[in-house]
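The residues making up each chain are set out below.
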Amino acid sequence: MRAFVPFLLVVIMLAGCQTTPAEPFSATLPPTNAAISLSQAATAVPTANPIASRTPTLPPTATFTPTLTPTATLTPTITPTPTATFTPTESPTPIPIASPTPGQIADPNATLPPTWTPPPADPASQIADHYRLRRPIADGAANWVARTYPYGGTSGGALQIHLGVDMVNPRGTPILAAADGVVIYAGSDAATQFGPSTNYYGNVVVIQHGFTSPDGQPVFTLYGHMQRADVSQGQTVKQGDQLGMVGDSGVAFGPHLHFEVRLGDAYSYRATRNPELWIFPYQGFGTLVGRVTDAAGTRLYDVTIQVKSARLTRYAFSYADDTVNPDSVFQENFTLGDLPADYYEVSVNENGRVRFLRTLYLYPNRSTWIDVQLK
Ligand SMILES: [Zn+2]
């Protein structure tokens, strides 16, 4: 995966010249530029002629079936009904499709034909999503997950393992409660440790929510690097209430929101889970979730996964090691959110060799599973 040099250059640009463990973000690179660079970098990666091999050989139902095999991990007791995962009280009002995301920038080299094939029937009942949170940044601001440094990633080994997700916004951007709850902490982390050390998340707010995880644990959300907190300990908040404003307090190299989901122990840096499996996707968008293993089923670390449709190309990275907690339902080791529903070619290329290649249909408004077993 280190062969993906252009991407690493982008990562290094984003991270700046920092050598200390940190929440890296250069304020000088707006996400749009990063996305364009990524897109350009992506076009430099040789791929195995996805188009020619794709159209004639893809009966949709045949290709989709294998992607839904992890039923063993989806135990009946935690399978919510569709309404339970998206009731008006728990999720934001259906949000307009449109907030721009980096990946929606057209890939100039995309050559997949625009012909539309009806997708296979949606077997949604097999998916045990637990989207209970809204985005902690409002529509109209940058409320997508920064793709160069996702949950569980290291930005190609340049940074310490990331146990949350980042949303890069200017100082002063309002930070919103992801769901109803009670503020259990608000203020500086100089004396109370939430990160790998004190004075790490700066001004931080932690909320305990009124629901539990699929495995029965209390659910907390953490909002770090705030310019200031606008709530106080013990306060009850409603979903969407302003908690504070984006800043760069603590160890941060530019203003951004660091957002975490923690289960069981609000004060443990090792209690985190992947927020992308908790934040409801935009209407028409979905989340790719999966597991990268070798032929024997052993999890593989830091693998770069290319995800390409006729409209966009993006990259996901498998978790950096076994200290990164997977979701109790999915047992995943990578996710990629904010994908418009579409056919995607998912591939892993190493040193010019195609180690995995499959096309799937990614369903809207929920997660779609893929097992990425490398040859
Ligand atoms: Zn972060």
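Source: prediction; values computed, not measured. (Residues numbered from 1 in each chain as written. Predicted model: local features only at pLDDT ≥ 70, side-chain atom pairs only at ≥ 80, totals over all residues. Heavy atoms only, no water.)

Participant: Tell me what's going on with the pattern of salt bridges, and back it up with residues and numbers.
Facilitator: Tallying each qualifying case throughout the model produces 9 salt bridges. For Asp-338, the salt bridge goes to Arg-135, with nearest N and O atoms at 2.8 Å. Taken together, the positions of Asp-338 in strand β13 (residues 334-340) and Arg-135 in the loop between α5 (82-85) and β1 (165-168) put the pair 203 residues apart, joining distant regions of the chain. For the pair formed by Asp-338 and Arg-135, the shared burial category is buried. Across the pair Arg-228 and Asp-230 runs a salt bridge whose closest N-O atoms are separated by 2.4 Å. (Salt bridge = Lys/Arg side-chain N within 4 Å of Asp/Glu carboxyl O. Helix = DSSP H or I, 4+ residues; strand = E, 2+ residues; numbered from the N terminus. Buried < 20%, exposed > 50% of the residue type's maximum accessible area, 1.4 Å probe, protein only.)

Participant: Could you give me a rundown of the sheet that holds β13, with the residues and numbers involved?
Facilitator: Strand order in this open sheet of 3 strands is β13-β10-β16, and the pairing throughout is mixed. The strands lining the two open edges of the sheet, one partner per strand, are β13 and β16 (367-373). Strand-to-strand twist across the sheet, computed as the mean angle between neighbouring axes with direction ignored, equals 25 degrees. The pairing of strand β10 (residues 285-293) with β16 spans 7 bridges and is classified as parallel. In the sheet register, Val-292 faces β16, and the bridge partner there is Val-372. (Pairing = 2+ DSSP bridges. Axes fitted to C-alpha atoms, helices over the stretch in contact; angles between N-to-C directions.)

Participant: Quick rundown of the sheet that holds strand β12 (residues 313-317)? Include the residues and the values.
Facilitator: Two orientations exist for strands paired in a sheet by backbone hydrogen bonds: parallel and antiparallel. Strand order in the open sheet formed by 4 strands is β12-β11-β14-β15, and the pairing between neighbours is antiparallel. Each having just a single partner strand, β12 and β15 (353-362) make up the two edges of the open sheet. When strand polarity is set aside, the average angle formed by the axes of neighbouring strands in this sheet is 25 degrees.

Participant: Residue-level account of the nonpolar core, with values.
Facilitator: In terms of nonpolar packing, the biggest core is built from 43 residues, with Leu-133, Val-205, Val-206, Ile-207, Tyr-223, Leu-243 and Phe-259 touching the most fellow members. Of all the secondary structure elements, the ones that give two or more residues to this core are β1, β3 (181-188), β4 (203-212), β5 (218-229), β7 (242-246) and β8 (256-263). Judged by nonpolar contacts, the second largest core, of 19 residues, contains Val-307, Val-346, Val-348 and Val-372. (Core = buried A, V, L, I, M, F, W, Y, C linked by side-chain atoms within 4.5 Å.)

Participant: Just give me the short version of the environment of Asn-199, but keep the residues and values in it.
Facilitator: With respect to the helices and strands, the residue Asn-199 is situated in the loop between β3 and β4. With 52 residues separating them along the chain, Asn-199 and Val-251 place their C-alpha atoms 7.2 Å apart. Each residue touching Asn-199, except ones within four places of it in the same chain, is listed here: Asp-189, Ala-190, Gly-250 and Val-251. (Contact = heavy atoms within 4.5 Å.)

Participant: An account of the packing of aromatic side chains is requested, with residue identities and associated values reported.
Facilitator: Counting across every chain of the model gives 11 aromatic pairs. Ring centres 5.0 Å apart and planes at 75 degrees place the aromatic pair Tyr-361 and Tyr-363 in the edge-to-face group. Look at Tyr-363 and you get buried, because its relative accessible area is 2%. Ring pairs connect the aromatic residues Tyr-185, Phe-194 and Tyr-267, which therefore count as one cluster. Directly above the aromatic system of Phe-211 lies the positively charged group of Arg-132, at a separation of 4.3 Å from the ring centroid. (Phe/Tyr/Trp six-rings, centres within 6.5 Å; stacked < 30°, edge-to-face > 60°. Lys NZ or Arg CZ within 6 Å of the ring centre and 35° of its normal.)

Participant: I'd like a description of the side chain of Ser-155, backed by residues and values.
Facilitator: With respect to the helices, strands and loops of the structure, Ser-155 is situated in the loop between α5 and β1. A relative accessible area of 6% places Ser-155 in the buried class.

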